[in-house]
Amino acid sequence: MTKKRNLDPSLVQWIMNEAGLGPGIGQIKYVAPAASATSQYRTQLEEMGVSSGDIFTTLAAAEAPLTAYRNDIVLVAPGAYLETAELAWDKANTHILGLGGPNHCGDWSEPNVCIYTTGEAVATVINNTAPNSIMQNLTIENYGANAACLSALICDNYGQTYRNVGLHGVMTTQQNSEADAASLYIDGAGMYPIFEDCQIGQDVWGTRDAANSAHLRYNDTGRPNGSTFRRCKFLSRSITATCALVSIPAATGIGRSHYFDNCHFSNFYDGTTLLNQVFYTVTGTQQFTVQLHNCSSAGFAEWQTGDFSIVVSDMPITGLGGGQMRQPTEAVGS
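The following paragraphs examine the structure supplied in this document. (Residues numbered from 1 in each chain as written. Predicted model: local features only at pLDDT ≥ 70, side-chain atom pairs only at ≥ 80, totals over all residues. Heavy atoms only, no water.)

**A look at the side chain of Thr-94**
Relative to the helices and strands, Thr-94 resides in strand β6 (residues 94-98). Within the structure, the side chain of Thr-94 is placed 2.5 Å from the backbone oxygen of Lys-91, a separation counted as a polar contact. (Helix = DSSP H or I, 4+ residues; strand = E, 2+ residues; numbered from the N terminus. Polar contact = N/O pair within 3.5 Å; in protein donor to acceptor, adjacent residues only side chain to side chain.)

Take a look at the structure:
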């Protein structure tokens, strides 16, 4: 095991600054491709004092030796890493940092740091049940040719943080026609996660046609509270008007105060068929639950059509008191 004192000090300092954890970091493990003409990261890590026994070829292998409640970290070098089974990321206060920088818009064929699956039996790539975990600077993709391949990521515990993460699901024909398929699931225990500068969904692979399907799905009935999305881009490709981009299919799918700040929602379409709404919601008792601040959309007729007082916004119409959120019920062109 590599002791932190034996590592290049610049690496330790970068980890502390990038993760925001300060000096409280635990053990460090690494994922890197084999050294080749297009990847010298493994050699570089070893030159910086990292033991070869701490460098793995898959994220699953690097996760196994981590210890919960210690701020252990996996650093992932640029590359495309194929996982053959769903990864249960379940150890509290353990984290993933990609080493490729903040741009994670591409897929595994043009990877920065990409964790992906192609297996038809893999329901989700990473099921994150680790409280207070951080995932940063990576792409997660589910490319399974099966309707049962439902998501790239499940957020299902409290206090999780995602920065500069690309989450891409619904990429195959079989996924495109599955109403439950999405890029991101937030389940019942997914309390107050933070997503910053993330790309959720994609508008390149396939054309979705399942009614009320979405790339962000509040999937459970446990009323998770307080998700925050800052400067995130939500992408879709569909010419089926009844498709959405965010789905809340049960009245108890969300709790209170879900906040979207400076986010953009985009659907690539044929220039004729606007999608009916960004948010698919059903009636429920949770009023003014989804709150949009300085957000924009393209390719949709309305933010939401149900007018159940669930989705509210402060743009472009504000109340007489200034800044009071209102239901965005008007259609495009009204």
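Here the narrative resumes, following the displayed structure.
**A few points about the pairing of strand β7 (residues 113-117)**
With 5 of its 5 residues buried, β7 lies for the most part within the structure. Here β7 shows a buried face lined by Val-113, Ile-115 and Thr-117 and a second buried face lined by Cys-114 and Tyr-116. Looking at chain direction, strand β4 (residues 79-82) and β7 are connected through 4 bridges and run parallel. Bridging from a neighbouring strand, Gly-79 pairs with Val-113 of β7. Bridge count for β7 against strand β9 (residues 134-142) is 4 bridges, and the pairing is parallel. Pairing of Ile-115 across the sheet is with Ile-140, part of β9. (Buried < 20%, exposed > 50% of the residue type's maximum accessible area, 1.4 Å probe, protein only. Pairing = 2+ DSSP bridges.)

**Observations concerning the side chain of Ser-247**
Topologically, Ser-247 is positioned in strand β18 (residues 246-248). Contact partners of Ser-247, with chain neighbours within four places excluded, come to Asn-212, Ala-214, Leu-216, Arg-217, Tyr-218 and Tyr-280. (Contact = heavy atoms within 4.5 Å.)

**Some details on the packing of aromatic side chains**
Summed over the entire model, instances satisfying the criterion amount to 15 aromatic pairs. Site record: aromatic cluster; members linked through ring pairs are Tyr-162, Phe-195, Phe-229, Phe-234, Phe-260, Phe-265, Phe-279 and Trp-303. (Phe/Tyr/Trp six-rings, centres within 6.5 Å; stacked < 30°, edge-to-face > 60°.)

**Description of the sheet that holds strand β8 (residues 124-128)**
Taken together, 7 strands build an open sheet; the order of strands is β5-β8-β10-β12-β15-β18-β22 and the sheet is parallel. Lying at the two open borders of the sheet, with one neighbouring strand each, are β5 (87-89) and β22 (279-281). Strand-to-strand, the axes of this sheet are offset by a mean angle of 15°, without reference to chain direction. Where β18 and β22 come together, 3 bridges link them in parallel fashion. Its bridge partner being in β22, Ile-248 is matched across the sheet by Thr-281. (Axes fitted to C-alpha atoms, helices over the stretch in contact; angles between N-to-C directions.)

**Concerning the pattern of salt bridges**
Any two side chains of opposite charge can pair if their charged atoms end up close together. The final tally for this structure, using the stated rule, is 7 salt bridges. Across the pair Asp-54 and Lys-29 runs a salt bridge whose closest N-O atoms are separated by 2.8 Å. Of this pair, Asp-54 sits in the loop between α2 (41-47) and β2 (55-56) while Lys-29 sits in strand β1 (residues 28-31), placing them 25 residues apart in sequence. Using a relative accessible area of 8% as the deciding quantity, one classes Lys-29 as buried. One salt bridge connects Glu-63 with Lys-91, and the closest N-O pair in it is separated by 3.7 Å. With Glu-63 in helix α3 (residues 59-63) and Lys-91 in the loop between β5 and β6, the pair connects residues that are 28 residues apart, well separated along the chain. Across the pair, exposure class does not vary: Glu-63 and Lys-91 are buried alike. Each of the salt bridges in this network shares a partner with another, and the network as a whole consists of Arg-163, Glu-196 and Arg-230. (Salt bridge = Lys/Arg side-chain N within 4 Å of Asp/Glu carboxyl O.)

**Re helix α1 (residues 9-19)**
Among the residues of α1, Leu-11, Val-12, Ile-15, Met-16 and Ala-19 are the ones counted as buried. Viewed end-on, α1 has its buried residues packed into an arc of 135°, placing them on one side of the element. Among the exposed residues of α1, those pointing more than 90 degrees away from its buried face are Pro-9 and Asn-17. Buried residues belonging to α1 abut β1, β3 (72-76), β6, β9 and β11 (161-168). (Arc of directions from axis to C-beta.)

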